[in-house]
Amino acid sequence: MQLHDKIYKKVIYAVTVTVLYILLLAIIIETFNIFRTIWYVLLKTGDLSQVVYGILTLFVLIDLFKTFADYRVHERIRLTYVTDATILTIMREITVLVYSNNFKTDVLLVFSALLLVLSIMRFISINYHPTDGLKPPSFIRYNDAEEKQGIQS
């Protein structure tokens, strides 16, 4: 292994570990913020929409943590983890817009279209996994004659 490869691996290791600790700290802080907001809601001084926003933010942070932890193990970024985090972020923004009653229909339609595209992309990335080779997705069924013909050719 060459010197620049070793330096690259050490830098990537340091950056990912630092990001993982920062994300872990953010998850802990957001959890305490959620409980604090729930306490304010119980005292009738808080807003329930802030609890929902905090929980969705926590889900995004957990997904990002999962993405970086998976990168540390496999040294590759999985598309499904990134799309999950992005889908959760868009769902959080849609929820905030709806709860605030201060949204324009155009913005909501754009977010919905983006959510649809990301969901289709996630579906495709699961059904056409790069390690599966060229086999058809699980939802396509062939009869026995077609399978035998495809295997023989």
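Everything here concerns the structure above.
So, here's what we can say about the structure. (Residues numbered from 1 in each chain as written. Predicted model: local features only at pLDDT ≥ 70, side-chain atom pairs only at ≥ 80, totals over all residues. Heavy atoms only, no water.)

1. What to know about the pattern of salt bridges
Part 1 of the argument: Tallied over the entire structure, the rule returns 5 salt bridges.
Part 2 of the argument: In this structure, the salt-bridge partner of K9 is E75, at a minimum N-O distance of 3.4 Å. Of this pair, K9 sits in helix α1 (residues 3-42) while E75 is found in the loop between α2 (48-74) and α3 (79-100), placing the two residues 66 residues apart along the sequence. (Salt bridge = Lys/Arg side-chain N within 4 Å of Asp/Glu carboxyl O. Helix = DSSP H or I, 4+ residues; strand = E, 2+ residues; numbered from the N terminus.)

2. Notes on α1
Part 1 of the argument: For α1, which comprises 40 residues, the first-to-last C-alpha distance of 59 Å matches the rise-based estimate of 58 Å (1.5 Å per residue) to within 8%.
Part 2 of the argument: Those residues of α1 that sit buried are T16, L20, L23, I27, E30, I34 and T37.
Part 3 of the argument: Those residues of α1 hidden inside the fold are in contact with α2.
Part 4 of the argument: Of the residues one or two after α1, K44 is the one with positive phi, at around 65°. (Expected span 1.5 Å × (residues − 1). Buried < 20%, exposed > 50% of the residue type's maximum accessible area, 1.4 Å probe, protein only. Contact = heavy atoms within 4.5 Å.)

3. Regarding unusual backbone geometry
Part 1 of the argument: Phi is positive for K44, close to 65°, though the residue is something other than glycine.
Part 2 of the argument: Positionally, K44 belongs in the loop between α1 and α2.
Part 3 of the argument: The exposed category is assigned to K44, whose relative accessible area is 73%.

4. Some remarks on helix α4 (residues 105-127)
Part 1 of the argument: Helix length check: α4, at 23 residues, gives a terminal C-alpha distance of 33 Å against a target of 33 Å (1.5 Å per residue), a fit within 8%.
Part 2 of the argument: When we look at burial in α4, the residues that qualify are L108, L118, S125 and N127.
Part 3 of the argument: Looking at the buried side of α4, the elements it contacts are α3.

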